[in-house]
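Reading the structure
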Amino acid sequence: MKEKETKPGWKELPAGGLIIGGGTARDFKTGDWRSNRPVLIPEKCISCLTCWMYCPDSAVIVKDGKVVGFDYDHCKGCGICEHECPVKGKAIKMISEKEAKNK
Amino acid sequence: MAKTNIVAKTGNEAMADAMRQINPDVVAAYPITPATEIVQIFSGYVADGLVKTEFVPVESEHSAMSACIGASAAGGRAMTGTSSQGLALMAEMLYVASGLRLPIVLADVNRALSSPINIHCDHSDTMMLKESGWIQIFSENAQEGYDNMIQAVRIAEKARLPVIVTTDGFIISHGMERIEILSDEDVKNFVGEYKPEQYLLNSAAPITIGALDLPDYYFEHRRQAAEAMKEAKSIILDISKEYGQKFGRSYGLFEEYKLSDAELVIVAMGSTAGTTKVVVDELRASGVKAGLLKPRVFRPFPKDEIASALKGAKAIAVLDRSDSMNGNEGPVCLEVKAALYDKGLAKPVVDYIFGLGGREIRLQDVEMVYNDLASMLKGKTFDKVNYMGVRE
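Residues numbered from 1 in each chain as written. Chains lettered and ligands numbered in written order. Predicted model: local features only at pLDDT ≥ 70, side-chain atom pairs only at ≥ 80, totals over all residues. Heavy atoms only, no water.

**So, the overall build of chain A**
Along its length, chain A carries 4 helices and 5 strands. Its helices and strands in sequence order give chain A the pattern α-β-β-α-β-β-α-β-α, from N to C terminus. Computed over its C-alpha atoms, the radius of gyration of chain A comes to 18 Å, more than 25% above the 13 Å expected for a compact globule of 103 residues. A principal-axis box enclosing the C-alpha atoms of chain A has dimensions of 55 × 30 × 20 Å. Looking at chain A as a whole, 32% of its 103 residues qualify as buried. If you sum the accessible surface of chain A, you get close to 7200 Å²; carbon and sulfur atoms cover 55% of it. (Helix = DSSP H or I, 4+ residues; strand = E, 2+ residues; numbered from the N terminus. Rg over C-alpha atoms; globule rule 2.2 N^0.38 Å. Buried < 20%, exposed > 50% of the residue type's maximum accessible area, 1.4 Å probe, protein only. Areas by Shrake-Rupley, 256 points an atom, 1.4 Å probe, with all protein chains shown as cover.)

**Notes on the sheet that holds strand 7 (residues 163-168) of chain B**
Residue and element names in this part refer to chain B. Here we have 7 strands laid out as an open sheet, ordered 3-2-4-5-7-6-13, and mixed in their pairing. At either margin of the open sheet sits one strand with a lone partner, and together these are strand 3 (54-57) and strand 13 (297-299). Each adjacent strand pair in this sheet contributes to an overall mean axis angle of 20°, direction not counted. Two strands pair when backbone bridges link them, and strand 4 (residues 78-82) and strand 5 (residues 105-110) are joined in this way by 4 bridges, in the parallel orientation. Among the inter-strand pairings, Thr80 is bridged to a residue of strand 5, identified as Leu106. This element, helix 3 (residues 61-74), spans strand 2 (26-29), strand 4 and strand 5 of the sheet and lies at about 165° to strand 4. Most of the contacts of helix 6 (residues 142-159) go to strand 7, to which it runs at about 170°, and overall it touches strand 4, strand 5, strand 6 (135-138) and strand 7. (Pairing = 2+ DSSP bridges. Axes fitted to C-alpha atoms, helices over the stretch in contact; angles between N-to-C directions. Contact = heavy atoms within 4.5 Å.)

**Quick notes on helix 4 (residues 84-99) of chain B**
All names here are of chain B. In this model helix 4 runs 22 Å from its N-terminal to its C-terminal C-alpha over 16 residues, within 8% of the 22 Å that 1.5 Å per residue would give. Ala91 marks where helix 4 bends most, by close to 55°. Those residues of helix 4 that sit buried are Ser84, Gly86, Leu87, Met90, Ala91, Met93, Leu94, Ala97 and Ser98. Those residues of helix 4 that are buried lie in contact with helix 3, strand 4, strand 5, helix 5 (124-128), strand 7 and helix 8 (214-247). Two residues or fewer after helix 4 comes Arg101, characterised by a positive phi angle close to 60°. (Expected span 1.5 Å × (residues − 1). Bend = angle between axes of the 7 residues up to and from the residue.)

**Here we look at the interface of chain B and chain A**
Facing the 17 residues of chain B at the interface are 14 residues of chain A. With both chains or domains summed, chain B and chain A bury close to 1500 Å², and 63% of this area falls on carbon and sulfur atoms. For the chain B face of the interface with chain A, the top three residues by lost area are Thr208, Tyr217 and Gln224 of chain B, together amounting to 30%. For the pair chain B and chain A, the number of links is 1 salt bridge. Close ionic contact of Asp216 of chain B with Lys7 of chain A constitutes a salt bridge, the shortest N to O distance being 3.6 Å. Secondary structure elements with two or more residues in the side of chain B that touches chain A: strand 9 (207-208) and helix 8 of chain B. (Buried area = accessible area lost by both parts, 1.4 Å probe. Salt bridge = Lys/Arg side-chain N within 4 Å of Asp/Glu carboxyl O.)

**Overview of the environment of Pro295 of chain B**
Residues and elements named next belong to chain B. Tracing the backbone through its elements, the reader meets Pro295 in strand 12 (residues 290-295). The spatial distance from the C-alpha of Pro295 to the C-alpha of Glu140 is 9.9 Å, given a sequence separation of 155 residues. Beyond its immediate stretch of four places on either side in the chain, Pro295 contacts Phe138, Leu253, Phe254, Val267, Ala268, Met269 and Ile306.

**Quick look at unusual backbone geometry**
Residue and element names in this part refer to chain B. Residue Pro34 is reached from Thr33 by a cis peptide bond, and omega for that bond is -5°. Of note, Pro34 is situated in the loop between strand 2 and helix 2 (36-47). Here the amide bond leading from Ser115 into Pro116 is cis, since omega sits at 0°, within 30 degrees of zero. The phi dihedral of Ser84 falls on the positive side, at around 40°, and the residue is not glycine. Inspection of the secondary structure puts Ser84 in helix 4. Ser84 gets classed as buried once you look at its relative accessible area, which sits at 0%.

Okay, here's the thing in structure tokens:
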């Protein structure tokens, strides 16, 4: 019964499984499968945007040319950002979700 | 009344001509006996510039239906033709088309399924896909095949469901008949222009088609399709009525032939209905109250309507041109019996499975069935399922 409150019934849905409108991938949160998450160390980051370029989920948040954090609704925790970070000692650190939860 | 031209055409020529007059955006097909000619003749029309259709010669029926799905999703009118093994090879994509609610029209020339390999008529191919979410319209002759094809385009687009129009392999597809065809202009006006609400090539209103559904949405979408099938009944009736008013040939969900006061009734689909009509006329001349009920639309099955039409019958025989492999009755008989049961009509119903793989059904075979019904009323008992015309 609880699901009925949150999900539309058959009469309300567009026919044939259509998804109306563009850009709907943003609403589809895929970050909940993640087991590891990237954490930014701002004092080390030089905002070279290498992580932004490599991120397959467009989950690196950039404001005014500076990396400010990650979109955890869409980051799947692949770790490519940490791997490609050119800064000595890395400005991005992958930590486990368990660790993040305990923080 | 609109002007019609009287011509001699085979069933396949009639279907191809209907397709020419409909002038669909895309036809994708692969040749298969006995449906080959439909698209072969149509490809000639494409080559001669008589239609504006994009013709896609594909490498299999699976691809033919895939291409039709792509074309239909893009916003075009898509059609194809096939038979038997070809329809079976399309099966996977047929479910995709109905699930996506794409109004594709398919001419299916009924033929037996392998094995053993056989190119002749029975209804096993269409029956195999009776639960695929496609509307199924059966034709008694080339004229009906032609008329049904033209109506199918409108029915599909209004119901947002794909439609199969069948003719009996060789019997209709290769037999030449006198038929009346409409003028190109009349067909063009009747089918009109296809304007889908949503389509992939509409960049002003982007959509996604065919997204993953999983347990939290799939059931709802299938429920919608079931409802659309239910609603299709009145859509079919409306469009058939409009066709009748404009062009003088009326169709319903089924045809009642001398049924109103009939006591001995045969239910038969396809070309066999024509054979049965001849026998009904003969029996009527000798005072036997014989009648025929010919389902035209097998999906959606007009359950309540058929039960009401059979209310007066004292004994009913269903002729099934396919077997349900000990289901136990053939598919048509199962539907008819279920319809009667739900109306509380406990009538003697006997099933005759006949004509598999093109085995002839003759006037005397049909007459024998009526004789069986008459002796049934006198207390003689029969097996529920009989195999008629098979060597014992």
